[in-house]
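Coordinate analysis (summary)
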Amino acid sequence: MNNNFLSGLGIVLLCESAVAVPAGTTIDGGNTIHKTDVITPGAKWKDLEGKEIQAHGGGILHYKGVYYWYGEDKADGYLNYIGVSCYSSKDLVHWDHVSTALPSQSMPAEYGAKGILERPKVIFNSKTDKFVMWMHLDHPGYSHSVAGVAISDSPQGPFKYLGELSPIQGSTYRDMNLYKDRNGAAYAIFSGDNNASLYAVELNADYTNVKTPMIEGTTWAQIVPNESREAPAPFYYNGHYYLLSSGTSGWAPNAAECYEAPHILGPWHSIGNPFVGKESNTTFNSQSTFVLPVAKHPGCFIYMGDRWNPGNLADSRYIWLPFKVHKDGTFHIHWRDSWSLSLFNHWTSPVKE
Ligand code: GAL
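Reading the values: rules and limits
Residues numbered from 1 in each chain as written. Predicted model: local features only at pLDDT ≥ 70, side-chain atom pairs only at ≥ 80, totals over all residues. Heavy atoms only, no water. Helix = DSSP H or I, 4+ residues; strand = E, 2+ residues; numbered from the N terminus. pLDDT = per-residue confidence, 0-100. Contact = heavy atoms within 4.5 Å. Pairing = 2+ DSSP bridges. Axes fitted to C-alpha atoms, helices over the stretch in contact; angles between N-to-C directions. Near = heavy atom within 4 Å. Polar contact = N/O pair within 3.5 Å; in protein donor to acceptor, adjacent residues only side chain to side chain. Areas by Shrake-Rupley, 256 points an atom, 1.4 Å probe, with all protein chains shown as cover. Nonpolar A, V, L, I, M, F, W, Y, C, P; charged D, E, K, R; others polar. Core = buried A, V, L, I, M, F, W, Y, C linked by side-chain atoms within 4.5 Å. Buried < 20%, exposed > 50% of the residue type's maximum accessible area, 1.4 Å probe, protein only. Phe/Tyr/Trp six-rings, centres within 6.5 Å; stacked < 30°, edge-to-face > 60°. Lys NZ or Arg CZ within 6 Å of the ring centre and 35° of its normal.

Residue Gly 157 is joined to Pro 158 through a cis peptide bond whose omega torsion reads 0°. Residue position: Pro 158 is located in the loop between strand S10 (146-152) and strand S11 (160-165). Omega for the peptide link from Gly 266 to Pro 267 comes to 5°, which places this bond in the cis form. Mapped onto the elements of the fold, Pro 267 is located in the loop between strand S18 (257-261) and strand S19 (269-272). One non-glycine residue, Lys 64, adopts positive backbone phi at about 50°. Its location among the elements puts Lys 64 in the loop between strand S4 (56-63) and strand S5 (66-73).

Here the protein chain shows a mean pLDDT of 92. Residues at 70 or above account for 90%. Ignoring residues within four places in sequence, the model shows residues 30-34, a span with pLDDT below 50, making twelve contacts including any to other chains.

Our next topic: the sheet that holds strand S6 (residues 83-89). The four strands lie next to each other as S4-S5-S6-S7, forming an open sheet whose pairing is antiparallel. In the strand order of this sheet, the two ends are held by S4 and strand S7 (96-103), each with one partner. Each strand axis lies, on average, 25° off the axis of its neighbour in the sheet, ignoring direction. Relative to S5, S4 is paired through six bridges, and the arrangement is antiparallel. Bridging across to S5, Gly 59 finds its partner in Tyr 70.

Bringing the site of the ligand into the picture now. By nearness alone, every residue bordering the ligand is listed as Glu 118, Arg 119, Tyr 142, Asp 175, Glu 230, Gly 250, Trp 251 and Gln 287. Side-chain polar atom of Tyr 142 to an oxygen atom of the ligand: 3.1 Å apart, as the coordinates give it. Residue Gln 287 places a side-chain N or O atom 2.9 Å away from an oxygen atom belonging to the ligand. Burial of the ligand by the surrounding chains reaches 88%, relative to a free accessible area of 310 Å². When the residues that make up the shell around the ligand are grouped by side-chain class, the tally is two nonpolar, two polar and four charged.

The next subject is the nonpolar core. One finds Ile 60, Trp 69, Trp 95, Ile 302 and Trp 320 to be the most contacted residues of the largest nonpolar core, which totals 40 residues. Among the elements of the structure, S5, strand S16 (230-237), strand S17 (240-246), strand S20 (287-293), strand S21 (300-307), strand S22 (317-324) and helix H1 (343-347) are those that each provide at least two residues to this core. Ile 60 has contacts with Tyr 67, Tyr 68, Trp 69, Leu 92, Trp 95, Phe 290, Leu 292, Met 304 and Trp 320, leaving out every residue within four places of it along the chain. By size, the runner-up hydrophobic cluster in this structure holds 22 residues, among which are Val 66, Val 84, Val 122 and Met 133.

This part covers the packing of aromatic side chains. By the definition in use, this model includes 32 aromatic pairs. Ring centres 5.6 Å apart and planes at 90° place the aromatic pair Tyr 242 and Phe 331 in the edge-to-face group. Of this pair, Tyr 242 sits in strand S17 while Phe 331 sits in the loop between S22 and strand S23 (339-340), and the two are 89 residues apart along the sequence. Since its relative accessible area comes to 1%, Tyr 242 is described here as buried. Looking at Phe 331, the relative accessible area reads 5%, which means it is buried. The side chain of Arg 182 reaches across the aromatic face of Tyr 236, ending 3.9 Å from its centre.

This part takes up the sheet that holds strand S9 (residues 130-138). Taken together, four strands build an open sheet; the order of strands is S8-S9-S10-S11 and the sheet is antiparallel. Each edge of the open sheet is held by one strand with a lone partner, namely strand S8 (116-125) and S11. In this sheet, neighbouring strand axes are inclined to one another by 25° on average, regardless of whether the strands run parallel or antiparallel. In this sheet, S9 lies alongside S8 in antiparallel orientation, the contact comprising eight bridges. Looking at the pairing, Ile 116 lines up with Asp 138 of S9.

Here Asn 204 is to be found in the loop between strand S14 (197-202) and strand S15 (220-224). A polar atom in the side chain of Asn 204 sits 3.1 Å from the side chain of Asp 206. Reaching out from Asn 204, the side chain makes a polar contact with the backbone nitrogen of Tyr 207 at a distance of 2.8 Å. Every residue in contact with Asn 204, bar those within four places of it in the chain, is listed here: Asn 209, Val 210 and Lys 211.

And the structure:
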């Protein structure tokens, strides 16, 4: 394979001959076209049609060998003008825009083009065979701050909006994530109490509401009290739950902090900022949104962050970086100008999915 590719995604490459090849591919001496597998954090990332990917504050569902990336489509601006986008890929590098999985028009007007829909996440419920989406819904000024729930029979949607709720009575619901545990129990993890504290709340059997009766310490917990953390991104490895988070400075990046616990409901304790090197105090100019386990490489993960561009939110970029959790449970995340998914083969031998 010829390594003469330029900075990876979205760039048309010309190597040994003057033959134009599609974005995301490279060409060798024999003019054979190969797909590249390079991720360039912070570069414009285009879908298979050549349009910039719009999946901000997003997350990934891995279902039947396909990755589905859901996120905020901000092509038309800050408010929920368009809806939740869905892209699919088999290799995590080349993404097909499959749908607007939850179109803005299918939402109540207050959360449609006049409202705010942020950080949508999707998990699959194998008992009901439904795909379940949770999101943060709000009014401009973040004066309402509730959870929204939608379901679909297929990953690409269209998702049907079911309604809104406040998982913890009296608490706001803002930056959020979903976490499906190994026993099938699922949790909403979110920033509550006007972003003062992070909460985890177990969902009911069909994942469309909270599990009742709610019992503190058993079905829900204030997992990181009074530390003003948001952008929670949970993951699990080898008996340890981890939770990446950001500080609360709006679109401006800040230092990450990671927490670790023996159970999703805690007790959680800080293990500090895992980002190292230049600009690690701004999480390499990004804010966490998701951590993706690499299915074939246990212990290997991809950090997914948003590099928000407040002046032009549509042009916010994606910071994806690989990392490996060591046997002793420690890990660090380093900056890379570009990296290839084959890196994981150097870290661990692939296992069957
Ligand atoms: C951040 C949050 C983003 C968005 C932004 C608006 O704190 O993580 O998702 O809500 O504020 O300023």
